[in-house]
Amino acid sequence: MIFPDPQQFRLTVAGPTPNGDADFLDVQGPALIDLPGVAAGAFYWAVDGGHSADNFGSVPSAVRLAGPDGSTFGVNSFPARSAGNAADPDDLGDSMTVTGDGGDPAMHASDTIDYEVIISGKVDLELPGGKTRTLRPGDLLVMAGVPHAWKNPYDEDCVYAVVTVGFTANGGR
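A brief structural summary.

Some thoughts on the side chain of glutamate 116
Mapped onto the elements of the fold, glutamate 116 is located in strand 8 (residues 112–120). Of the buried charged residues, glutamate 116 lacks a salt bridge, with arginine 133 as the closest side chain of opposite charge at 14 Å. Residue contacts for glutamate 116: discarding those within four places in its chain leaves Asp139, Leu140, Leu141, Trp150, Tyr160, Ala161 and Val162.

Digging into the pairing of strand 2 (residues 22–25)
Across four bridges, strand 1 (residues 13–16) lies against strand 2 in antiparallel orientation. Directly across from glycine 15, in strand 2, lies its bridge partner aspartate 23. Counting the residues between successive antiparallel strands, the hairpin from strand 1 to strand 2 contains five residues, one of them, glycine 20, with a positive phi of roughly 95°.

Quick word on the layout of surface pockets
One number sums up the size of the second largest pocket: a volume of about 220 Å³. If you go around the second largest pocket, you meet 16 residues; those closest to its centre are Ala66, Asp94, Ser95, Ser110 and Asp111. The residue makeup of the lining of the second largest pocket, split by class, is six nonpolar, seven polar and three charged.

Description of the pattern of salt bridges
Where charged atoms of side chains with opposite charge meet at close range, the side chains can pair. Evaluation of the coordinates by the stated rule reveals four salt bridges. In this structure, aspartate 48 and arginine 64 form a salt bridge, with 3.0 Å as the shortest nitrogen-oxygen distance. Of the two residues, aspartate 48 is situated in the loop between strand 4 (39–47) and strand 5 (71–78) and arginine 64 in the loop between strand 4 and strand 5; the sequence distance between them amounts to 16 residues. On the basis of relative accessibility, which here comes to 46%, the residue aspartate 48 falls in the partly exposed class.

Cut-off values and rules
- Residues numbered from 1 in each chain as written.
- Predicted model: local features only at pLDDT ≥ 70, side-chain atom pairs only at ≥ 80, totals over all residues.
- Heavy atoms only, no water.
- Helix = DSSP H or I, 4+ residues; strand = E, 2+ residues; numbered from the N terminus.
- Buried < 20%, exposed > 50% of the residue type's maximum accessible area, 1.4 Å probe, protein only.
- Lys, Arg positive; Asp, Glu negative; His and termini not counted.
- Salt bridge = Lys/Arg side-chain N within 4 Å of Asp/Glu carboxyl O.
- Contact = heavy atoms within 4.5 Å.
- Pairing = 2+ DSSP bridges.
- 1 Å grid on protein atoms, 1.4 Å probe; cavity = no way out; pocket = protein on both sides within 12 Å on 5 of 7 lines; lining within 4 Å.
- Points joined across faces, edges and corners; volume = space filled by probe spheres on them.
- Nonpolar A, V, L, I, M, F, W, Y, C, P; charged D, E, K, R; others polar.

Nothing here speaks to function; it is all geometry.
What follows is the structure, given as structure tokens:
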């Protein structure tokens, strides 16, 4: 099966119209991720400030992970042979923090729980201390806000779907 470029997926939204009828809603294009040699893709949907029938979200205006009580939905990729490449911290905005664990500039963390599905290719997920797992098509990942780095030393882009759910750091304390 061949999947489209992560920036070319088609989003269908079924939800209530302003008068409350169920319908397919017209939406604009996604917020695009374009970090050459690091990552590419798009965030197609986001919810801010809690989920409800009245607050089911919209297309995000910028690339970011979920804030507290929010969520994002996207399709992204790590380019082939991008192992060890790190994004400029200024490109990450305030949704991710570069932690640099073990002197690795690609190590970062966020105040989110991420649910990810590897669609194609493979990628190495590295945790502090050199702990590494290779993820392949069909693998599911729950990332619970811990520092990590993505490394793709392979000859194929790794494409994955991701849902991020924001939490309040330190349990809101």
